[in-house]
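Single-letter residue listing:
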Amino acid sequence: MTNNVAALTAAVAGHVRALRTSRGWSLDELAGRSGVSKGMVVQIEGARTNPSVGTLVRIADAFGVTVARLLEPAEDRTVHISSADDAPRLWRGDAGGFGRLLRGLNSPSFTELWEWIFVPGDRHASAEHAPGTREMLHVLEGELTTTVDGVDHVVRTGETIDLLADRPHGYRNDGTHPARIVMVVVMPPGEWDRRQG
């Protein structure tokens, strides 16, 4: 494990454990609320695994926080400047693309800023997020096909799509050139229990 990955894994472990215990939840309770297996939760809290973006989203949703909240260092900062090179790549496409979380905020609302590169043939399927979550994607270069509830929407260079992300959705590059995307995710505050959603 590189130092950066080890630091992120340790940050996630500490935040998940602290958030779970502060709520008085057992491992079983977090597993049930998030839809992540108890064994995986144990691995995450023990800093023995680098969880996928899908797993982080489910756990963050259960706690009612952003993925960025699970990754952030302990110190609080009034102003934060970061390099894109330091942003964690939380998704890697089979064809070579990636998704990285540039920054996230937990106050006054839950917001995440992502950069995505989809090379031709890359695809990413996303389970539904917490009710009321919205995603806005702006295509800087290339073309992206966004599927929401089984319906495809082609988004071209210079276009922006805004979608309700509390239903199954996904992204793919059917073109011949890489697609570069900037995404903003805005989530309603509060915890979400997947067993009831």
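Placed above this text is the structure.
First things first, this report covers the structure right here in the doc.

Calculation notes
- Residues numbered from 1 in each chain as written.
- Predicted model: local features only at pLDDT ≥ 70, side-chain atom pairs only at ≥ 80, totals over all residues.
- Heavy atoms only, no water.
- Salt bridge = Lys/Arg side-chain N within 4 Å of Asp/Glu carboxyl O.
- Helix = DSSP H or I, 4+ residues; strand = E, 2+ residues; numbered from the N terminus.
- Buried < 20%, exposed > 50% of the residue type's maximum accessible area, 1.4 Å probe, protein only.
- 1 Å grid on protein atoms, 1.4 Å probe; cavity = no way out; pocket = protein on both sides within 12 Å on 5 of 7 lines; lining within 4 Å.
- Points joined across faces, edges and corners; volume = space filled by probe spheres on them.
- Contact = heavy atoms within 4.5 Å.
- Polar contact = N/O pair within 3.5 Å; in protein donor to acceptor, adjacent residues only side chain to side chain.

What to know about the pattern of salt bridges
At step 1: Under the counting rule described, the total for this entry stands at 12 salt bridges.
At step 2: Of the charged contacts in the structure, one is a salt bridge between aspartate 28 and lysine 38, with a shortest N-O distance of 3.6 Å. With a gap of 10 residues between them, aspartate 28 in helix α2 (residues 27-34) and lysine 38 in helix α3 (residues 38-45) connect regions that are remote in the sequence.
At step 3: Lysine 38 gets classed as partly exposed once you look at its relative accessible area, which sits at 39%.
At step 4: Glutamate 29 is the salt-bridge partner of arginine 33, the closest N and O atoms lying 2.7 Å from each other. Of this pair, arginine 33 and glutamate 29 both sit in helix α2, 4 residues apart, which is roughly one turn of that helix.

Points about empty space enclosed by the protein
At step 1: Applying the stated criterion across every chain yields a total of 1 cavity of 30 Å³ or more.
At step 2: What lines the largest cavity is Ala60, Asp61, Gly64, Val65, Phe110, Ala130, Met187, Pro188 and Gly190.

Things to note about the environment of aspartate 174
At step 1: With respect to the helices and strands, aspartate 174 occurs in the loop between β9 (169-172) and β10 (179-187).
At step 2: Measuring from C-alpha to C-alpha, the distance between aspartate 174 and glycine 35 comes to 31 Å, with 139 residues separating the pair along the chain.
At step 3: Those residues within four positions of aspartate 174 in sequence are excluded, and the remaining contacts are Arg123 and Thr145.
At step 4: Separated by 2.9 Å, the side chains of aspartate 174 and arginine 172 make a polar contact.

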